[in-house]
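# Coordinates in review
Each chain is listed here by its residues.
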Amino acid sequence: MLISLTASGESKNTIESLKVSYDLKIYTLVLTGQIDKFDFLKYTDIVISVPSKVIPRIEEVHIFISYLICEYVEVERELFFNT
């Protein structure tokens, strides 16, 4: 799984990594800000878009969502390995 964070959705490196992941059939999740271009959507399985164009606010929400994902993985790991 590839988790990609991009405030603008226009990062060339992000789009290229999504293309490669798509070609390799790797599941992708993109955290982005309020975007005007949707060039990367065809390479993405899930997009979580923060409804803001203010970079610091977008990044704060990305950090929060990242923590939630980590917490979920940790809980699932404990359930799987401790049963």
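In what follows, the accompanying structure is described. (Residues numbered from 1 in each chain as written. Predicted model: local features only at pLDDT ≥ 70, side-chain atom pairs only at ≥ 80, totals over all residues. Heavy atoms only, no water.)

## A word on the overall build of the chain
Regarding its fold elements, the chain presents 2 helices and 3 strands. Moving toward the C terminus, one meets the helices and strands of the chain in the order β-α-β-β-α. Summarising its shape, the C-alpha atoms of the chain cover approximately 45 × 30 × 15 Å along the three principal directions. A buried classification covers 28% of the 83 residues belonging to the chain. For the chain, restricting intrachain contacts to residue pairs at least 6 apart in sequence, the fraction spanning at least 24 positions comes to 46%. Element-wise, carbon and sulfur atoms account for 60% of the exposed surface of the chain, whose accessible area totals about 6,000 Å². The averaged location of the 12 negative side-chain charges in the chain is 9 Å from the averaged location of its 8 positive side-chain charges. (Helix = DSSP H or I, 4+ residues; strand = E, 2+ residues; numbered from the N terminus. Buried < 20%, exposed > 50% of the residue type's maximum accessible area, 1.4 Å probe, protein only. Contact = heavy atoms within 4.5 Å. Areas by Shrake-Rupley, 256 points an atom, 1.4 Å probe, with all protein chains shown as cover. Lys, Arg positive; Asp, Glu negative; His and termini not counted. Charge placed at Lys NZ, Arg CZ, Asp CG, Glu CD.)

## Concerning the sheet that holds strand S3 (residues 46-49)
If you walk across this open sheet you meet the 3 strands as S1-S2-S3, and the pairing is parallel. Two strands bound the open sheet, and with one partner strand each, they are strand S1 (2-6) and S3. When strand polarity is set aside, the average angle formed by the axes of neighbouring strands in this sheet is 15°. As paired elements, strand S2 (residues 28-32) and S3 share 4 bridges and run parallel to each other. Among the inter-strand pairings, Leu31 is bridged to a residue of S3, identified as Ile48. (Pairing = 2+ DSSP bridges. Axes fitted to C-alpha atoms, helices over the stretch in contact; angles between N-to-C directions.)

## Here we look at the pattern of salt bridges
Enumeration according to the criterion identifies 2 salt bridges in this entry. As a salt-bridge pair, Arg57 and Glu60 come within 3.0 Å of each other at their nearest N and O atoms. Note that Arg57 and Glu60 are positioned in helix H2 (residues 55-81) at a spacing of 3 residues, about one turn of the helix. Here Glu60 falls in the partly exposed class, since its relative accessible area comes to 44%. Of the charged contacts in the structure, one is a salt bridge between Arg77 and Glu74, with a shortest N-O distance of 2.8 Å. Pair noted here: Arg77 and Glu74 are both in helix H2, with a separation of 3 residues, about one helical turn. (Salt bridge = Lys/Arg side-chain N within 4 Å of Asp/Glu carboxyl O.)

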